[in-house]
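The primary structure of each chain is shown beneath.
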Amino acid sequence: MLTSVLLAALQLNPLFGDHAVVQRDTSLTVWGKGGKPGERLTLAFAGTNCWTKVNPDGTFRFLVPPRPAGGPWELSVTAESGESAVAKDLLVGEVWIASGQSNMAFTMGSAEPGFGDVGDDALRSFRVPDASCRIRPQSSECRKKCGACCSTASRSRLGAARR
């Protein structure tokens, strides 16, 4: 009985954690798991509200209309039961994904003064360590092992994206 209660807890996919940036001017798919199959869920984000139902396998998915650059916003998913999952301080803006050879290890702290001001709270970073992640990228386990959004204090050591 306890296991089924724990499995029903609403969880957003780790990509939608606190301090994340999502792409502006394009539809946004938000997904997660939890809730009872067939239960109605409501999403609130950046002035938009939409709803969906929990799938038979316990997962859910929302398609959020395009949003302009802005924020910070709170993204919340609430079940009919009152249970909710919330991500805070999200920005809508430009998301850049960079990968490549050793030059991609260049950090913002090594940049020329004025380039990517490390004191800019609209500048967010997510770094995947050099080691490959052999766990499914969308799993919370991969997020724990491969990195997370960082604070202003640690940003100078990382690459960055800006809204």
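Residues numbered from 1 in each chain as written. Predicted model: local features only at pLDDT ≥ 70, side-chain atom pairs only at ≥ 80, totals over all residues. Heavy atoms only, no water.

*Asks:* Explain the nonpolar core here, please?
*Replies:* Nonpolar side chains in soluble globular proteins tend to end up buried together. In this structure, Leu12, Val30, Leu43, Phe45, Phe62, Leu75 and Val77 are the most contacted members of the largest nonpolar core, which totals 23 residues. Elements with a minimum of two residues in this core: β3 (28–33), β4 (40–45), β6 (59–64), β7 (70–79) and β8 (84–93). Counting residues per element, this core draws most heavily on β8, which supplies four residues. Every residue in contact with Leu12, bar those within four places of it in the chain, is listed here: Val30, Trp31, Gly32, Phe60, Leu75, Val77, Ala85, Val86 and Ala87. (Core = buried A, V, L, I, M, F, W, Y, C linked by side-chain atoms within 4.5 Å. Buried < 20%, exposed > 50% of the residue type's maximum accessible area, 1.4 Å probe, protein only. Helix = DSSP H or I, 4+ residues; strand = E, 2+ residues; numbered from the N terminus. Contact = heavy atoms within 4.5 Å.)

*Asks:* Explanation requested: the environment of Pro66 in the structure shown.
*Replies:* Looking at the element boundaries, Pro66 is found in the loop between β6 and β7. A C-alpha to C-alpha distance of 4.4 Å links Pro66 and Ser27, two positions 39 residues apart in sequence. Pro66 has contacts with Asp25, Thr26 and Ser27, leaving out every residue within four places of it along the chain.

*Asks:* What is the right way to look at the sheet that holds β6 in this model?
*Replies:* Within a beta sheet, neighbouring strands are joined by backbone hydrogen bonds and run either parallel or antiparallel to one another. Read from one edge to the other, the open sheet built from three strands follows the order β1-β3-β6, with strand pairing classed as antiparallel. What marks the edges here is a single partner per strand, and that holds for β1 (11–12) and β6. In the sheet, β1 pairs with β3 via two bridges, with the strands oriented antiparallel. What sits directly across from Leu12, in β3, is Gly32. (Pairing = 2+ DSSP bridges.)

*Asks:* Mind showing me how you'd approach unusual backbone geometry here?
*Replies:* Backbone geometry follows two general trends: most residues other than glycine have a negative phi, and most peptide bonds adopt the trans configuration. For the peptide bond that leads from Gly71 to Pro72, omega is 5°, which places it in the cis range. Looking at where Pro72 falls in the secondary structure, it is placed in strand β7. For Ala46, which is not a glycine, the phi torsion comes out positive at approximately 50°. Even without glycine at this site, Asp89 takes up a positive phi of about 60°.

Nothing here speaks to function; it is all geometry.
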